[in-house]
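Chain and residue survey
These are the residues of each chain, in order.
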Amino acid sequence: MEKHYAVIGDPIEHSLSPIMHNAGYQALGVDAQYQRFQVQAGLLAKAVKGLQALGFSGWNVTLPHKESIIAYLDVLTPQAMRAGAVNTVKIHEGKLIGHNTDGDGFVRSVAEELKEFKGKKAVLLGSGGASKGIALALAEQGMNLHILNRTPGKAKDLAQVIQGQGGTATSGEFSPGEWLRDVDLLVQTTSVGLKREPFPFPLTGISAQALVVDIIFNPMETPFLKEAKKLGCRTQNGLGMLLYQGALAWEFWFDGQAPVEEMRQALKQRLLERMFYKE
């Protein structure tokens, strides 16, 4: 019997999740279909009931519902409780189980390049929802975090959350500084670069050993990443995080290994098409 999955959010029209998941279903011969639905904030409760009534087995959740959907769920996994947000829902024995794969998806995406996490220094630029999930996952891996935000108080709040969960974290202003010299992992989590605009400050002086990641994947190389590459750093865009959070959602739903390479190729092909046709 065909199973149904989806992603809900607002806006949603440019989500690549259907491309990734449907390619995975096709690769493994899974009888399933993945769709996307625009759900406005005030209609979330009705949407959850509707998905249940229509027999959906699970769905992904994106902005602006990652926190508000918790009120409609029966159980949260440790990852969801840790993040205070849900990006994946599974219906099991009539119960709605909320899960979060964002942070662990990011960790998996950088693991091969970084090799080792424990004791290394990660600097996060921005302290919004994406930054929180990544920060918590990196702290759990034993990294020392330094969080920078235009509003220093928000960076301090996130650092305190990390500290409260047994991690090591400090905070500061959104500006260059001595941290550039000894950073092992630099993660850009803000929206700067979506329109190919330059980053607000230079990365001059950054360690050439650093792995520099921008969680933006369209464009595939932001001005931030271009500068880091010119300075000798290894760079990575957000495609890996998108891929692995999706693969972990798959594994949560199906209790089996996701076809990661097939999902990766489908994402890359779609992004190349977007670049060619200038969507």
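What you are looking at is a predicted structure, and each value in this text was computed from that prediction instead of being measured.

Either a parallel or an antiparallel arrangement is found when strands of a sheet pair, and the pairing is made through backbone hydrogen bonds. The six strands are arranged 2-1-3-5-6-4 in an open sheet whose pairing can be described as mixed. One side of each edge strand has no neighbouring strand; the edge strands of this open sheet are strand 2 (32–38) and strand 4 (75–76). As judged from the four bridges shared by strand 1 (residues 3–9) and strand 3 (residues 58–61), these two strands associate in the parallel manner. Among the inter-strand pairings, Ile8 is bridged to a residue of strand 3, identified as Val61. On top of the sheet, helix 2 (residues 44–53) reaches strand 1, strand 2, strand 3, strand 5 (88–92) and strand 6 (95–99); it is set at about 155 degrees to strand 3, its chief contact.

In terms of burial, strand 7 (residues 121–125) is a largely internal element, four of the five residues being buried. Looking at chain direction, strand 7 and strand 8 (residues 144–149) are connected through five bridges and run parallel. The partner of Leu124 across the bridge, within strand 8, is Ile147. Handedness of the crossover is the feature at issue here: the chain leaves strand 7, passes through helix 5 (residues 129–140), returns alongside strand 8, and the resulting connection is right-handed.

This part is about the packing of aromatic side chains. For the structure on display, the rule yields 13 aromatic pairs. With 6.3 Å between their ring centres and 40 degrees between their planes, Tyr5 and Tyr25 make a pair best called tilted. Of this pair, Tyr5 sits in strand 1 while Tyr25 is found in helix 1 (residues 17–28), placing the two residues 20 residues apart along the sequence. The same class applies to Tyr5 and to Tyr25, which are both buried. Consider the rings of Tyr34 and Trp253, whose centres lie 6.4 Å apart with planes at 50 degrees: the pair is tilted. Of this pair, Tyr34 sits in strand 2 while Trp253 sits in helix 8 (residues 239–254), and the two are 219 residues apart along the sequence. Among the aromatic side chains, those forming a connected cluster through ring pairs are Tyr5, Tyr25, Tyr34, Trp250, Trp253 and Phe254. The side chain of Lys90 reaches across the aromatic face of Phe252, ending 5.3 Å from its centre.

About the criteria used
Residues numbered from 1 in each chain as written. Predicted model: local features only at pLDDT ≥ 70, side-chain atom pairs only at ≥ 80, totals over all residues. Heavy atoms only, no water. Pairing = 2+ DSSP bridges. Helix = DSSP H or I, 4+ residues; strand = E, 2+ residues; numbered from the N terminus. Contact = heavy atoms within 4.5 Å. Axes fitted to C-alpha atoms, helices over the stretch in contact; angles between N-to-C directions. Buried < 20%, exposed > 50% of the residue type's maximum accessible area, 1.4 Å probe, protein only. Right-handed = clockwise from strand over helix to strand, strands pointing away. Phe/Tyr/Trp six-rings, centres within 6.5 Å; stacked < 30°, edge-to-face > 60°. Lys NZ or Arg CZ within 6 Å of the ring centre and 35° of its normal.

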